[in-house]
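Understanding the architecture of this molecule
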Amino acid sequence: MPHPLLNSLSYHSTRSRLRKSRPSSGGIIPKDVSLFKIILVILVSIVIMFQITAVIYLSNQMEIYDDDHNEGGGDNNFLFSAPEQKSIATIAYAVSLTSCGTDAYKHQSQPFAQGAAVLAHSIHKNSFESPSSGSKYGSKLYAFVHPDAASCSHQLESLGYNILIRDTPINASEIKGEFLRDHVVKSGCCGEKEFIKLYSYTLMDHPIVVHLDLDCLVLKPFDDLFDAMLEGPNSPARERIKLMFPNATSTEKSLPSRINAYFTRDYNMVNPGKEHVGVQGGFLIVRPNMTVYEEYREIILEGDFGPGVGWGRKGYGGYFGAQQIQGLCSYYYDYIHPGEAAELNRCYFNAMADNPRQKGRCRTGEHECEDCTAKNVGDIYSVHFTLCQKPWLCRYFERVQSLCHDMHHEWFRMRKDLDESQAQKRQQVDAGKKEISNAVVSGKYKPEHFLGYCNNPGNYGYIPFDTAKFVMD
């Protein structure tokens, strides 16, 4: 039945015009038409007009976007794609190379390149660039290369490291202290060249720098450490940080309100109960600061270091590497600037699977000490292959030394993941070409553990990664 409002209008084709019909006896608006229905019709009309206007506007915007952004062919994601996610900050991950060393592996790349390749991949896997990591922080790789090692630095460059050729921050001959001047050039792993690690403080384009040795491996993101540094004393992440002495109240052992650095200590280098234990030089997380860098230089050049009594003659010495980073950083953060750095729990960060006791006594000087060898590798954030030796030596640890066994297996799992990732990238680069995957290996020595990367135990058993074929993102 026609709507009552429509009865008030009639079309007369003979006159080719619209005429009003006579009003009914009930008036212009029929009685059965309520005010509610009139309002409803008006509202529906308004909604329809709004929708039409919106469609026209959005269509015009699409045309504008196509003209400005899609010349040459592009997809129309202006209206429907989610905003691009960005990392909170980009963290610098640095390594140092002081010499090319000798190649202990027949027909292989330099041994350091094997560690560098897997380390770089482990950093990537635990950064924002890898969505599965859950990390909020991006990463960028750097290598401080001493001029003596410049000839072999191309291998690090091919792996994605940004090469920074850096001479030793000081001239050893200018050190005032006679003992340090004469001995620092021939002590520790690499003499005065190890001081190039101090260039970590000069990477001012980044809020935080993580310096690692090439025989390290990252297993979990460091987000809580970064959050606590950048968010300040009210950061919820502070409660989750695993400190070496979580219940300590002293300035040297508690978590500072403003954190400028993290480190671990090497208790294996000292006798139990030693008061000033050196920093483990293979793991440093610092806040870049040129003033700090210059202050380090001044301390070294002053050369106030004595045999047995160490830096400042305050007891920061008497162990391997005391004249270099291990002793210097301990002196700086414990004595010169106490309350600026935090000592992390070595069972979880820079883990080396070290025995907590020496002749029954806790190396830390405590009555009861945490046994790092009993930890589950799945709870560890980063490892350092020192006591457990380098994975590429293909040494098999029996289950009685389970943590070293598991740490090595994690390194080979990361190596396998690296190869598979590289194979996929090469397939994309060489689309249509026959691809021989670098992930296909056939090492016969305990393949369930070494995943096919070892033919025999020892220096010549490892099947190396070919850095020349590395494909960067």
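Some points on the packing of helix α6 (residues 290–302) against helix α7 (residues 325–336)
With their axes 11 Å apart at the nearest point, α6 and α7 run at an angle of 110° to one another. Overall, the two elements α6 and α7 adopt an arrangement that is roughly perpendicular. Contact with α6, carried on its side by Val292, Glu295, Tyr296, Ile299 and Ile300, involves Leu328, Cys329, Tyr331, Tyr332, Tyr333 and Ile336 of α7 and no other residues of that element. Taken together, the residues that form the contact of α6 with α7 break down as ten nonpolar, no polar and one charged.

Comments concerning the state of the cysteines
Evaluation of the coordinates by the stated rule reveals six disulfides. Through a disulfide, Cys100 is tied to Cys152; the S-S separation comes to 2.0 Å. As the torsion about the S-S bond is roughly -100°, the Cys100-Cys152 disulfide counts as left-handed. You can see Cys100 sitting in the loop between β3 (89–97) and α2 (111–125) and its partner Cys152 sitting in the loop between β4 (137–145) and α3 (154–158), a full 52 residues away along the chain. Judged by its relative accessible area of 17%, Cys100 is buried. Using a relative accessible area of 5% as the deciding quantity, one classes Cys152 as buried. For Cys388, the disulfide goes to Cys404, at an S-S distance of 1.9 Å. Between Cys388 and Cys404, the disulfide has an S-S torsion of -70° and is therefore left-handed. Here Cys388, found in the loop between β15 (382–384) and α8 (402–429), pairs with Cys404, found in helix α8; they are 16 residues apart in sequence, far enough to count as distant. An identical accessibility class is assigned to Cys388 and Cys404; each is buried. Each bonded cysteine of the chain is numbered by sequence order, and under that numbering the disulfide pairs are 1-2, 3-4, 5-8, 6-7, 9-11, 10-12.

Some points on the sheet that holds strand β6 (residues 209–212)
Ordered in space as β5-β4-β3-β6-β9-β8-β12, the seven strands form an open sheet in which the pairing is mixed. Each edge of the open sheet carries a strand with a single partner, namely β5 (162–165) and β12 (341–343). On average, adjacent strands in this sheet sit at an angle of 25° to one another, irrespective of strand direction. Alignment of β3 against β6, held across three bridges, turns out to be parallel. The partner of Ala94 across the bridge, within β6, is His211. Against the sheet, α7 contacts β8 (261–265), β9 (279–286) and β12, and its axis sits at roughly 50° relative to β9.

Describing the nonpolar core
Note on soluble globular proteins: their nonpolar side chains tend to be buried together. Judged by nonpolar contacts, the single largest core of 74 residues is most densely connected at Tyr93, Tyr161, Phe222, Leu225, Phe226, Tyr262 and Ile285. Within the residue set of this core, elements represented by two or more residues are β3, α2, β4, β6, β7 (216–218), α5 (223–231), β9 and α8. Those residues in contact with Tyr262, other than ones at most four positions away along the chain, are Leu225, Ala228, Met229, Ile241, Phe283, Leu284, Ile285, Ala342 and Leu344.

Structural notes on the confidence of the model for the chain
In this model, the chain carries a mean pLDDT of 85, and residues with pLDDT of at least 70 account for 79%. Between residues 1–29, whose pLDDT stays under 50, and residues either more than four places distant or in other chains, the model counts 14 contacts.

Let's talk about the environment of Pro457
Of note, Pro457 is situated in the segment after α9 (447–450). Separated by twelve residues in the primary sequence, Pro457 and Tyr445 have C-alpha atoms spaced 7.4 Å apart. Contact partners of Pro457, with chain neighbours within four places excluded, come to Leu393, Cys394 and Tyr445.

Here's the deal with the packing of α2 against α8
The contact between α2 and α8 brings their axes to 9 Å, and the two run at 80°. As far as their axial angle goes, α8 and α2 are roughly perpendicular. Taken together, the residues of α8 that come into contact with α2 (itself represented by Gln114, Gly115, Ala117, Val118, His121, Ser122 and Lys125) are Trp411, Met414, Arg415, Asp417, Leu418 and Ser421. Within the contact of α2 with α8, the residues separate by chemical class into five nonpolar, five polar and three charged.

Regarding α5
When α5 is considered as a whole, its buried residues turn out to be Asp223, Leu225, Phe226, Asp227, Ala228 and Met229. Each element contacted by the buried residues of α5 is listed here: β3, β4, β6, β8 and β9. Phi turns positive, to about 90°, at Gly232, one or two residues after α5.

Rules used in this analysis
- Residues numbered from 1 in each chain as written.
- Predicted model: local features only at pLDDT ≥ 70, side-chain atom pairs only at ≥ 80, totals over all residues.
- Heavy atoms only, no water.
- Axes fitted to C-alpha atoms, helices over the stretch in contact; angles between N-to-C directions.
- Helix = DSSP H or I, 4+ residues; strand = E, 2+ residues; numbered from the N terminus.
- Parallel < 35°, antiparallel > 145°, perpendicular 65-115°, else oblique.
- Contact = heavy atoms within 4.5 Å.
- Nonpolar A, V, L, I, M, F, W, Y, C, P; charged D, E, K, R; others polar.
- Disulfide = S-S within 2.5 Å.
- Buried < 20%, exposed > 50% of the residue type's maximum accessible area, 1.4 Å probe, protein only.
- Pairing = 2+ DSSP bridges.
- Core = buried A, V, L, I, M, F, W, Y, C linked by side-chain atoms within 4.5 Å.
- pLDDT = per-residue confidence, 0-100.

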